[in-house]
Amino acid sequence: NWDMKCPASCTPIIWDSMLHTLKLRDKFSTLSFLERCLVTAALYGDMVEWRLWQVLAYYLDQSSPLSSAFDIVQDNQSYLKDQTKSLAVQEKCRSTYSHRQHSIHRHILLGNTDKPVQLLLEVEQDSPNFYQDCLRASLISSVSDSEVAQSTIKLVATNLIANDHLLEGCQLLCLIKKAVDACRYMQNFHHYNEAIWLAKVALSRDEYFEVMKYYIDLLVNNGSRHLGILLAISLHYFDKAAEILLATKLVTIAAPLVESCIEAGKWPDTGSDIKDRVFVEYAKYMVSLNNVEVALKYCDMGGEKGKQLGEELRICAQ
């Protein structure tokens, strides 16, 4: 059920971080519950579980930013900073017309206008795209805030999108500061990676949360549960993450996650019974291992159903 793999280029970064975590093992008895989970995952070389605890640790106390190896799970400010650096590197290495168009596309989505105009005007005069790129440069540099201009550009954008020119239409929407509309179009046409990239670099907090909630449900329904869990944690939807874990029968991960959130004082008070259900299931798991002592501990943390199970276990023990 752990279905998210690290890109090969990011694996050394993750391993280095895991090795750093291992240095804490000599202080194991003094560590917090979450830090113990991190060290245990590192000791077993479980990269995927270690990533989950690392993401949870960051969003519980935000002590230091997640590295670029965590990609879309990073906080938006760090993600934007890393993507801007990446775009600058790509510009220096561009060698083809398509590379230049990619840079132009990204800058427009970021809300930049000067750089796209500069890149468009670099087109060679004998290029078949010379006339088109000159017109695009003129359009970008002449966008105004007048109601007529905004309405016209939005109409043109929707017509382009309806006629299989999604990215070009979304660029126009971003030029008139309609990035949230562009995100919705990208989602509707199943360009999810592009939609998430735009959401992280251009949307307000509330708009971003709406896009990501939809994406998390989509990931879970399509079997990509691990990424859905990490994104739920990044939105501080810790109860949602626990619910996905429980549904995936990963109660051995769900229970430490809930307990870590409670220890940090960050468990959401939403009225959901997911916390009690997680602890009851974990208590049952401990019973299956004949560890009644630990099972009783989690029964006491599991609400009314937990208390009932605890009473049954105590009667059986007698």
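For the structure, see preceding data.
None of these values were measured; they are calculated from a predicted model.

A. Representation of the packing of aromatic side chains in the model. If you walk through the whole model with that rule in mind, you get eight aromatic pairs. A centroid spacing of 5.9 Å and a plane angle of 80° characterise the contact between Phe209 and Tyr237, whose relative ring orientation is edge-to-face. Here Phe209 is found in helix α12 (residues 205-221), whereas its partner Tyr237 is found in the loop between α13 (225-234) and α14 (238-247), with 28 residues between them in sequence. Ring pairing ties together the aromatic residues Phe279, Tyr282, Tyr285 and Tyr298, which thus form one cluster. Over the aromatic face of Tyr79 sits the side chain of Lys200, whose NZ or CZ is 5.3 Å from the ring centroid.

B. The arrangement of helix α11 (residues 192-202) in detail. Within α11, nine of the 11 residues are buried, leaving the element largely enclosed by the surrounding structure. Where α11 is buried, its residues meet α4 (76-93), α5 (97-109), α9 (166-175), α10 (179-188) and α12.

C. Focus on the packing of helix α16 (residues 274-288) against helix α17 (residues 292-300). Viewed as axis vectors pointing N to C, α16 and α17 meet at an angle of 170°, and their least axial separation amounts to 8 Å. By the angle class used here, α16 and α17 are roughly antiparallel. In contact with Phe279, Tyr282, Ala283, Met286 and Val287 of α16, α17 contributes Val294, Ala295, Tyr298 and Cys299. Among the residues making up the contact of α16 with α17, the classes are represented as nine nonpolar, no polar and no charged.

D. The pattern of salt bridges, seen in detail. Within this structure, the stated rule accounts for 13 salt bridges. Two residues, Glu210 and Lys213, come together in a salt bridge whose shortest N-O distance is 3.2 Å. Of this pair, Glu210 and Lys213 both sit in helix α12, separated by three residues, roughly a single helical turn. Relative accessible area serves as the criterion here: at 33%, Lys213 is assigned to the partly exposed category. Notably, a salt bridge pairs Asp300 with Arg314, separated by 3.5 Å at the nearest N-O pair.

E. Layout of α14. In terms of burial, α14 is largely enclosed, as seven of its 10 residues are buried. Where α14 is concerned, the buried positions are Phe238, Asp239, Ala241, Ala242, Ile244, Leu245 and Leu246. Once α14 finishes, Lys249 follows within two positions and takes phi at roughly 65°, a positive value.

F. Molecular detail of the packing of helix α3 (residues 47-61) against α13. Relative to each other, α3 and α13 sit at 15°, their axes nearing to 9 Å. Overall, the two elements α3 and α13 adopt an arrangement that is roughly parallel. The two elements α3 and α13 cross, and the hand of that crossing is right-handed. For the pair α3 and α13, the contacting residues are Val48, Arg51, Leu52, Val55, Leu56 and Tyr59 in the first and His226, Ile229, Leu230, Ile233 and Ser234 in the second. Tallied by class, the residues present in the contact of α3 with α13 amount to eight nonpolar, two polar and one charged.

G. Summary view of the nonpolar core. In terms of nonpolar packing, the biggest core is built from 93 residues, with Trp53, Leu56, Tyr215, Leu231, Ile233 and Leu257 touching the most fellow members. The element best represented in this core is α3, accounting for nine residues. Among all residues touching Leu257, those that are not within four sequence positions of it are Leu52, Trp53, Leu56, Ile233, Phe238, Ala241, Ala242 and Leu245.

H. Quick look at the side chain of Lys200. Structurally, the position occupied by Lys200 is in helix α11. One buried charged residue, Lys200, forms no salt bridge at all, with the nearest opposite charge on Asp75 at 7.5 Å. Here the side chain of Lys200 touches Gln74 through a polar contact of 2.8 Å, landing on its backbone oxygen. In this structure Lys200 touches Ile72, Gln74, Asp75, Asn76, Tyr79 and Tyr208, once residues within four positions along its chain are discounted.

Rules used in this analysis
Each chain carries its own residue numbering, running from 1 in the written order of its sequence. Two thresholds apply to this predicted model, a pLDDT of at least 70 for residue-level local features and 80 or more for giving and counting side-chain atom pairs, whereas whole-chain, interface and lining totals are computed over all residues. No hydrogens and no water enter the side-chain calculation; it runs on all heavy atoms of the structure. Each aromatic pair joins two rings of Phe, Tyr and Trp (for Trp, the six-membered one) with centres within 6.5 Å, and gets the label stacked for planes under 30 degrees apart, edge-to-face for over 60, and tilted for any other angle. Secondary structure counts use DSSP, requiring at least four H or I residues in a row for a helix and at least two E residues in a row for a strand, with both numbered from the N terminus. Comment: the charge-over-ring label is applied if NZ (Lys) or CZ (Arg) is within 6 Å of the ring centre and within 35 degrees of the ring normal. Accessibility here uses a 1.4 Å probe with only protein chains present; expressed as a share of the type maximum, an area under 20% marks a residue as buried, one over 50% as exposed, and anything in between as partly exposed. Only heavy atoms matter for contacts: two residues are in contact if any of them lie within 4.5 Å across the pair. Comment: axis = line fitted to C-alpha atoms, over the contacting stretch for helices; angle = value between 0 and 180 degrees taken between N-to-C directions. Roughly parallel means an angle under 35 degrees; roughly antiparallel, over 145; roughly perpendicular, 65 to 115; everything else is oblique. Charged residues are taken to be Asp, Glu, Lys and Arg, nonpolar residues to be Ala, Val, Leu, Ile, Met, Phe, Trp, Tyr, Cys and Pro, and polar residues to be all remaining types, Gly included. Any carboxyl oxygen of Asp or Glu that lies within 4 Å of a side-chain nitrogen of Lys or Arg is treated as forming a salt bridge with it. Crossing handedness follows the turn of the near helix against the far one: under a right angle anticlockwise gives a left-handed crossing, and clockwise gives a right-handed one. What is meant by a nonpolar core is a set of buried Ala, Val, Leu, Ile, Met, Phe, Trp, Tyr and Cys residues, joined one to another through side-chain atoms within 4.5 Å. By the counting rule applied here, Lys and Arg register as positive and Asp and Glu as negative, while His and the ends of each chain are not counted. Any N or O atom pair separated by 3.5 Å or less is treated as a polar contact, with the protein-specific requirement of one donor-capable and one acceptor-capable atom, and with residues adjacent in sequence counted only for side-chain atom pairs.

Without other data, these values stay purely geometric and don't point to any function.
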